[in-house]
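Observations on chain architecture
These are the residues of each chain, in order.
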Amino acid sequence: MNLPAVDAGTFEVDSRRDVAVAKRKIRAAQFLSRATFGPNLEQIEALAERMAQIGTRRACEEWIDQQMALPAAYHRPLAVDMIARDGLNSQQNDAYIQRYRYHAWWHCALAGEDQLRQRVAWALIQILVTSQDGAGFNDVGAGHHSGEGRWLGPTHYYDLMVKHAFGNYRDLLEDVTYHPVMGVYLSHMRNRKTDEAANRFPDENYAREIMQLFTIGLYELHLDGRLKTDESGNLIPTYDNETIKEFAKVFTGLAFKPHPNATGTGRFWWGNEFEEPMEMFDFEHEPGLKTLLGGEVIGSETSVDGDADIAAALDNLLAHDNVAPFLSRRLIQRLVKSNPSRGYIRRVARKFNNNGQGVKGDLAAVVKAVLLDPEAWSGQRLLGRSRPYRVQVIARGTDYSTLSEPVIRYTRLLRGVNATSNHHSGRAMLMSQNYNWTQEPYLSPTVFNFYLPDYQPPGSLLGYTPSRRIPNGFLAAPEFQINTPVTSNRLAGRYIWDISNQMSQQRWSNSTSGVSHNSDMIFHLEDEELLCTEDDDMHELMDRFDLVFCYGSMPQDYKDRVVEVTTAETAWMKNNPTWRPRMEEFRVNAALMATVLSPFAAVTQ
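Right, let's walk through the structure included here. (Residues numbered from 1 in each chain as written. Predicted model: local features only at pLDDT ≥ 70, side-chain atom pairs only at ≥ 80, totals over all residues. Heavy atoms only, no water.)

**Overview of the overall build of the chain**
Rules: By the criteria applied, helices consist of DSSP H or I runs no shorter than four residues and strands consist of E runs no shorter than two, each listed in order from the N terminus. This radius of gyration counts C-alpha atoms alone. The globule rule is 2.2 Å times how many residues there are, raised to the power 0.38. A 1.4 Å probe rolled over the protein chains alone gives each residue an accessible area, and that area as a share of the maximum for its type sets the label: buried under 20%, exposed over 50%, partly exposed in between. The contact criterion used is simple: two residues touch if any of their non-hydrogen atoms lie within 4.5 Å. Surface exposure here means Shrake-Rupley accessible area, sampled with a 1.4 Å probe, where a residue is shielded only by the protein chains that are shown. Charge assignment in this entry is limited to Lys and Arg as positive and Asp and Glu as negative, and neither His nor the chain termini are counted. Throughout, a charge is located at the NZ atom of Lys, the CZ atom of Arg, the CG atom of Asp or the CD atom of Glu.
A count of helical and extended segments in the chain gives 23 helices and 14 strands. Rg of the C-alpha trace for the chain: 26 Å, near the compact-globule value of 25 Å for 605 residues, within the 12% margin. Taking the principal axes of its C-alpha atoms as reference, the chain extends roughly 90 × 70 × 45 Å. Looking at the 605 residues of the chain, the share that counts as buried comes to 56%. Once local pairs closer than 6 in sequence are excluded, the contacts in the chain between residues at least 24 apart make up 72%. On the chain, roughly 24,400 Å² of surface is accessible, and the fraction owed to carbon and sulfur atoms is 48%. Between the centroid of the 63 positive side chains of the chain and the centroid of its 75 negative side chains there is a distance of 5 Å.

**Some points on the packing of aromatic side chains**
Our working rule: Working definition: rings of Phe, Tyr and Trp (its six-membered ring) pair if their centres are within 6.5 Å, and the pair is stacked with planes under 30 degrees apart, edge-to-face with planes over 60 apart, and tilted otherwise. Think of it as a cone above the ring: NZ of Lys or CZ of Arg counts as a charge over the ring if it is within 6 Å of the ring centre and within 35 degrees of the ring normal.
Under the definition given, this model contains 26 aromatic pairs. Here W579 and F586 contribute two aromatic rings whose centre-to-centre distance is 5.8 Å and whose plane-to-plane angle is 90 degrees, an arrangement assigned as edge-to-face. Under the relative-accessibility criterion, W579 is labelled partly exposed at 33%. Of the aromatic side chains, those joined through ring pairs into one cluster are F37, W105, W106, W122, Y410, W437, F450, Y451 and Y495. The cationic tip of R101 hangs over the ring face of Y442; the distance from NZ or CZ to the ring centre is 5.7 Å. One Lys or Arg, K559, reaches over the ring of F11 and ends 4.3 Å from the middle of that ring.

**Concerning the packing of helix α3 (residues 56-68) against helix α15 (residues 363-372)**
To keep it simple, the criterion reads: All axes are obtained by fitting lines to C-alpha atoms, using only the stretch in contact for helices, and the reported angles, taken between N-to-C directions, cover 0 to 180 degrees. By convention, the crossing between two helices is left-handed when the near helix turns anticlockwise from the far helix through less than a right angle, and right-handed when the turn is clockwise. Under the scheme applied here, ten amino acids are nonpolar (Ala, Val, Leu, Ile, Met, Phe, Trp, Tyr, Cys and Pro), four are charged (Asp, Glu, Lys and Arg), and all others, including Gly, are polar.
Where α3 contacts α15, the axes come no closer than 11 Å and their chain directions differ by 150 degrees. Note on packing geometry: the crossing formed by α3 with α15 is right-handed. Here R57, C60, E61, I64, D65 and M68 of α3 come into contact with α15, specifically with A364, V367, K368, L371 and L372. Counted by class, the contact of α3 with α15 contains 7 nonpolar, no polar and 4 charged residues.

**Points about the sheet that holds strand β13 (residues 521-522)**
So the rule is basically this: In this description, strands pair whenever DSSP reports at least two bridges between them.
Read from one edge of the open sheet, 3 strands run β9-β13-β10, paired in antiparallel fashion. Edge positions in the sheet fall to β9 (420-421) and β10 (503-504), since each of these pairs with one other strand and no more. With 2 bridges connecting them, β9 and β13 associate as antiparallel partners. Across the sheet, T420 pairs through a bridge with I522, a residue of β13.

**Observations concerning helix α14 (residues 342-353)**
To keep things clear, this is the line we draw: Take the number of residues in a helix, subtract one, and multiply by 1.5 Å to get its expected span.
Given a rise of 1.5 Å per residue, 12 residues ought to cover 16 Å, and the 16 Å separating the end C-alpha atoms of α14 matches this to within 8%. Taken as a whole, α14 has its buried residues at G343, Y344, I345, V348, A349 and F352. Buried residues belonging to α14 abut α8 (169-178), α12 (306-318), α13 (323-335) and α15.

**Topic: the nonpolar core**
Operational definition: Among buried residues, those of type Ala, Val, Leu, Ile, Met, Phe, Trp, Tyr and Cys that are joined through side-chain atoms within 4.5 Å constitute a nonpolar core.
F31, L116, L128, M161, Y169 and F214 are the most contacted members of the largest nonpolar core, which has 153 residues in total. When residues no more than four places from it in sequence are discounted, the contact partners of Y169 are I127, L128, F214, L318, L327, F352, G361 and L363. V80, M82, C108 and V140 belong to the second largest nonpolar core, which has 16 residues in total.

**Topic: unusual backbone geometry**
A cis amide bond, omega 0 degrees, links R387 with the succeeding residue P388. Turning to its location among the elements, P388 is positioned in the loop between β6 (380-385) and β7 (390-395). Positive phi values are uncommon outside glycine, yet R190 reaches one of about 55 degrees. If you trace the backbone, R190 turns up in the loop between α9 (180-185) and α10 (205-212).

**A look at a nonpolar patch on the surface**
Quick reminder of the rule: Residues enter patches when they are more than 30% accessible in relative terms and free of salt bridges; like-charged ones are connected within 9 Å and nonpolar ones (Val, Leu, Ile, Met, Phe, Trp, Tyr) within 5 Å. Should a side-chain nitrogen of Lys or Arg be within 4 Å of a carboxyl oxygen of Asp or Glu, the pair is scored as a salt bridge.
Residues L218, Y219, L227 and L235 make up a contiguous nonpolar surface patch of about 310 Å² in total accessible area. Following the sequence through the fold, L235 ends up in the loop between α10 and α11 (241-250).

**Some points on the pairing of β7**
Among the 6 residues of β7, 5 are classified as buried, and the element is accordingly described as predominantly covered. In this antiparallel pair of consecutive strands, β6 and β7, the connection spans 4 residues, and R387 shows a positive phi of 55 degrees.

**Digging into helix α6 (residues 115-125)**
For an α-helix the count is 3.6 residues per turn, leaving residues at separations of three or four pointing the same way. Of all 11 residues in α6, 11 are buried; the element is thus mostly enclosed. Three or more residues of α6 are buried, namely Q115, L116, R117, Q118, R119, V120, A121, W122, A123, L124 and I125.

**Details of the environment of Q433**
Put simply, the rule reads: Any pair of nitrogen or oxygen atoms within 3.5 Å is treated as a polar contact; in protein, a donor-acceptor pairing is required on top of that, and neighbouring residues in sequence qualify only through side-chain atoms on both sides.
Tracing the sequence through the fold places Q433 in the loop between β9 and α17 (434-437). On the basis of relative accessible area, Q433 is assigned to the buried category, the value being 1%. Taking the C-alpha atoms as reference points, Q433 and A255, 178 residues apart in sequence, are found 34 Å from one another. Aside from chain neighbours lying at most four places away, what touches Q433 is W106, Y410, Q439, E440, R494 and Q506. At a separation of 3.0 Å, a polar atom in the side chain of Q433 contacts the main-chain carbonyl oxygen of M431.

**Considerations on the state of the cysteines**
For clarity, the cut-off: Two cysteine sulfurs form a disulfide in these notes if their separation is within 2.5 Å.
Enumeration over the complete set of coordinates arrives at 0 disulfides. With no disulfide of its own, C550 has C532 as its nearest cysteine by sulfur position, at a separation of 16 Å.

**Description of the packing of helix α16 (residues 406-416) against helix α18 (residues 485-501)**
Convention followed: Between 65 and 115 degrees an angle is taken as roughly perpendicular, under 35 as roughly parallel, over 145 as roughly antiparallel, and anywhere else as oblique.
It is the contact of α16 with α18, at a shortest axis distance of 12 Å, that shows an interaxial angle of 10 degrees. It follows that α16 is roughly parallel to α18 by the angle criterion. Residues P406, R409, Y410 and L413 of α16 pack against L491, R494, Y495 and D498 of α18.

**Regarding the pairing of strand β5 (residues 297-300)**
In this sheet, β5 lies alongside strand β4 (residues 288-291) in antiparallel orientation, the contact comprising 4 bridges. Directly across from T291, in β5, lies its bridge partner V297. The antiparallel pairing of β4 with β5 creates a hairpin that spans 5 residues between the two strands, and G294 there sits at a positive phi of about 70 degrees.

Given below as structure tokens:
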């Protein structure tokens, strides 16, 4: 089975010049949908204007460079400041104080100027996964060094993704390895050396996952993402159980930074700080030689240096040929599309291996390669037509599409309607939205993320024959793993409620303590309502919504039908003095619902 390309939509304009303008706006919207948490019309038009001045690729590259130059907005200090502004402290028991980790995340996603950094951080946290479900991760007790509630630890860990979003992956992996949140989550915290008499051996959890999930994957890959096979046609494992055991020896001897009063061997056991790197205690580090990937031997038979072993092990992992294609495919999946071609993976992987200056793992170069690759633009063909002048949008079909994850869909809605907070601080302080669609920062159900990168939903996709350009002969649709009838219904209910009220209501209260939270996000659709007075003007409204939320992928007959139904259903209001003042509101709400709940907003090309 192979599905044909479809006519996605038409943008009618007044002149040949306007055809070029419309094309640039669609390209700008498409680019910003990946590089941010969602564009608004003003941002689309600004980038499109810059495209007219210096060209599409140069304008997008300039935009990326400007974003990378912005200071990072870190979540942990923001959460602490939010708490203080609300007259609370991070160790309160009666204020659901842990909600501030969500408040900080949503504010950075919705209002942060460093949109690209925040979007890349969200991609990286879905590779280097932890969650808030770990021992002590919700503890309001104070850390021995920070003096703040220990529940801020996962937020401090998330800030590693923000910090290193444009840094080097090797540096990020080292910080992840030493972070106590990862140490607890994947159990190499207080991982002790072998004691055969006590039948104790090093924990293998982190050793396994750092290979399988963070660096090289399960099987050897070509640079273009194709799986390698041996002479018998069998897949070639990247490591075996002995390799896991050897790496497990490397990740021994790490523990919390000790309590200031700890002494001697007690320093290994007395500590609780999630906001300081773990420290190495060589007396609990596995002595001797360790044989790693490719037969490389590290360590010493005469001395013990745990930090040196870890550094050598991380270098060993990053030197493996799999790292570049493995991580390149995952970053493309999180930022652009579910099924990158072999050529796309190869081009990004080459940039991962060498940023042009001989440096491997430069994430700034990799992110730029992901977003500026020609294939990132190829999901739609934009054709200029005349008589009448118009831009015809042709969606290329299944190979080029991806289902947007629920969190991104919601941020796109709120940013697209220019939502602002009525909280006294002006900050976008949303509560957890996990109930609505089973995805929320800090709530990944397992170390494997919310969905598997190779997940295929039951149905026609299993029999779909992709282009030979796609590696390994199948199409993946990761986000469909959490797209169930229940989550779809809850998502629709949330959108209908929000749009009907033109706000995202964020409320919480504790009747016993009297602590409450009220922080609604108010939608701003005044300009759009001006296009709802005259029936014919609603075609312009639908083109605008198509551009901002669907990036040109909404079919023309669908847009026409929305206008037809909406104007017919609200026609009675025109001559009704009671309801006439609200006609534009009802119309814009109906049109917005029909847009953001459509498959054209859910599936991006």
